[in-house]
Each structure stands twice: as C-alpha cells, then as structure tokens.
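Now for the letters of each chain:
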Amino acid sequence: TTSLRLTSIDLAPSFTGIGQKTAPLGLFGFTVEAMQGETAAEGYRLGSTGRYVHDAAYVRRELQQAGFDILRFDDTPGREEMGKPVPCYLVLAQRR
C-alpha cells in the first residue's frame, strides 16, 4: 500500500505515473474536489476554496487513458470548508 498526495493541476501525468507503477489488476483509490457549475475547457480550474477542482468527465477520461478501469465514481463530501461540505469524487480504479 502506498499513500501519496497529488498536487498537480493536470492529473494526466500523475495517473500515467501511477499506472506505470501499478501491477495489472492493482487498485488505485483517491478523492478529488469536484467541479461545480460551468466546466473549464481543460477539465480543471482553481476553485473558490483556493484548491483545484476537476470535472468528472476529465477525471474519467484521464484514468482510462492511463490504463485504468473505473470501479466506483461517487459524489461525496470530502471535507468541510468554513462549516460547509466540499463536494468531491471518491474514485476506485483498477489497472488493466
């Protein structure tokens, strides 16, 4: 089991690197802050909390391009910011 914190805006390089280090059928689970409202062309943007938010379609696409099948992709409150839940995606993917 490995734990890491992704700080990249663009998730593609991180997903590719993780995919290269993950054995076939290995699992990769993470949360990412969900983009609400208008989607950015890149699939991510700086959110109102000062953290980057990501579009669901972008996250799915980049995972699949990195060699992962998505097992779960759930909307969930990831944490609280100023007493309010922050929408996130809880993702579980498996290496092909």
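Data block above holds the structure.
So, a few notes on the structure that sits alongside this text.

Rules and cut-offs
Residues numbered from 1 in each chain as written. Predicted model: local features only at pLDDT ≥ 70, side-chain atom pairs only at ≥ 80, totals over all residues. Heavy atoms only, no water. Phe/Tyr/Trp six-rings, centres within 6.5 Å; stacked < 30°, edge-to-face > 60°. Lys NZ or Arg CZ within 6 Å of the ring centre and 35° of its normal. Helix = DSSP H or I, 4+ residues; strand = E, 2+ residues; numbered from the N terminus. Buried < 20%, exposed > 50% of the residue type's maximum accessible area, 1.4 Å probe, protein only. Lys, Arg positive; Asp, Glu negative; His and termini not counted. Salt bridge = Lys/Arg side-chain N within 4 Å of Asp/Glu carboxyl O. Contact = heavy atoms within 4.5 Å.

## Considerations on the packing of aromatic side chains
Stage number 1. Inspection of the entire model under this criterion finds six aromatic pairs.
Stage number 2. A network of ring pairs unites the aromatic residues Phe 15, Phe 28, Phe 30 and Phe 68 as a single cluster.
Stage number 3. A cation over a ring is seen here: Arg 95 above Phe 68, with NZ or CZ 5.9 Å from the ring centre.

## Notes on the side chain of Asp 55
Stage number 1. For Asp 55, the location among the structural elements is in the loop between β3 (52-54) and α2 (56-65).
Stage number 2. For the buried Asp 55, no salt bridge is present, and the opposite-charge side chain at shortest range is Arg 61, 6.1 Å distant.

## Digging into the environment of Phe 73
Stage number 1. By the element assignment, Phe 73 lies in strand β4 (residues 68-81).
Stage number 2. With a relative accessible area of 14%, Phe 73 lands in the buried category.
Stage number 3. Separated by 42 residues in sequence, Phe 73 and Thr 31 place their C-alpha atoms 9.5 Å apart.
Stage number 4. For Phe 73, the residues in contact, after removing those within four places along its chain, are Ala 56, Val 59, Arg 60, Tyr 89, Leu 90 and Val 91.

## Considering the pattern of salt bridges
Stage number 1. With the rule as written, the count across this model stands at six salt bridges.
Stage number 2. The salt bridge partner of Asp 69 is Arg 96, with a shortest N-O separation of 2.9 Å. Of the two residues, Asp 69 is situated in strand β4 and Arg 96 in the segment after β5 (84-95); the sequence distance between them amounts to 27 residues.
Stage number 3. Residue class for Asp 69 comes out partly exposed when judged on its relative accessible area of 36%.
Stage number 4. Notably, a salt bridge pairs Asp 74 with Arg 72, separated by 2.4 Å at the nearest N-O pair.
Stage number 5. Classification of Asp 74 as partly exposed rests on a relative accessible area of 23%.
Stage number 6. Sharing partners across several salt bridges, the network here consists of Glu 33, Arg 51, Arg 79 and Glu 81.

Scope: geometric values only; no functional claims are made or implied.
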